[in-house]
Amino acid sequence: VQLQACGGGLVQAGGSLRLFCAASGRTLSRYTVGWFRQAPGKEREFVAAIKGNGGTTYYADSVKGRFTIARDNAKNTVYLQMNSLKPEDTAVYYCGADRFLITSSIRNQYAYDYWGQGTLVTVSS
């Protein structure tokens, strides 16, 4: 499956953005899709994920209540709605996908086989 992440941009603190992870080549609803982010000088960290064939969602504590991950199966896309953005949310956001990911590996970037190219989110204070 080929993934393309988009939707990043510059936004003021408190604002909102919606990121998109669009897939081609496979039906994305069958895949677990995760969003990860990497800020300058930091490790890539888990943000949110949605299980394939069921839709259970998972969130990092730092974004719970502010971010929502969901599918648009008609568009073969997973989106990440980000509200109440903070300067510390500034990072390059990546989407990953895997067909057979087990729940215990949801937050592990190395468990995902397919990745999009990343999209930059900048939150100004």
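See the structure printed just above.
Residues numbered from 1 in each chain as written. Predicted model: local features only at pLDDT ≥ 70, side-chain atom pairs only at ≥ 80, totals over all residues. Heavy atoms only, no water.

## Looking at the pairing of strand 5 (residues 45–50)
Phase 1 of the analysis: With respect to burial, strand 5 is a largely interior element, five of its six residues being buried.
Phase 2 of the analysis: Of the pairings in the sheet, the one linking strand 4 (residues 32–38) to strand 5 comprises five bridges and is antiparallel in character. Residue pairing across strands places Gly34 opposite Ala49, the latter belonging to strand 5.
Phase 3 of the analysis: Once strand 4 ends, the chain turns through six residues before running back antiparallel as strand 5, passing Gly41 with a positive phi of about 75°.
Phase 4 of the analysis: Of the strand pairs in this sheet, strand 5 and strand 6 (residues 57–59) are connected by three bridges, and their pairing is antiparallel. Bridging from a neighbouring strand, Ala48 pairs with Tyr59 of strand 6. (Buried < 20%, exposed > 50% of the residue type's maximum accessible area, 1.4 Å probe, protein only. Helix = DSSP H or I, 4+ residues; strand = E, 2+ residues; numbered from the N terminus. Pairing = 2+ DSSP bridges.)

## With respect to the environment of Arg71
Phase 1 of the analysis: Examined against the element boundaries, Arg71 turns out to sit in strand 7 (residues 67–72).
Phase 2 of the analysis: For the pair Arg71 and Gly52, spaced 19 residues apart in sequence, the C-alpha separation works out to 9.8 Å.
Phase 3 of the analysis: A polar contact of 2.5 Å, which involves the side chain of Arg71, links it to the backbone oxygen of Tyr31. (Polar contact = N/O pair within 3.5 Å; in protein donor to acceptor, adjacent residues only side chain to side chain.)

## A word on the packing of aromatic side chains
Phase 1 of the analysis: Per the stated rule, a full pass over the model turns up five aromatic pairs.
Phase 2 of the analysis: Their ring planes at 75° and their centres at 5.6 Å tell us that Phe36 and Phe46 sit as a pair that is edge-to-face. In this pair, Phe36 is assigned in strand 4 and Phe46 in strand 5, connecting sequence segments ten residues apart.
Phase 3 of the analysis: Residue Phe36 is classed as buried on the basis of its relative accessible area of 1%. (Phe/Tyr/Trp six-rings, centres within 6.5 Å; stacked < 30°, edge-to-face > 60°.)

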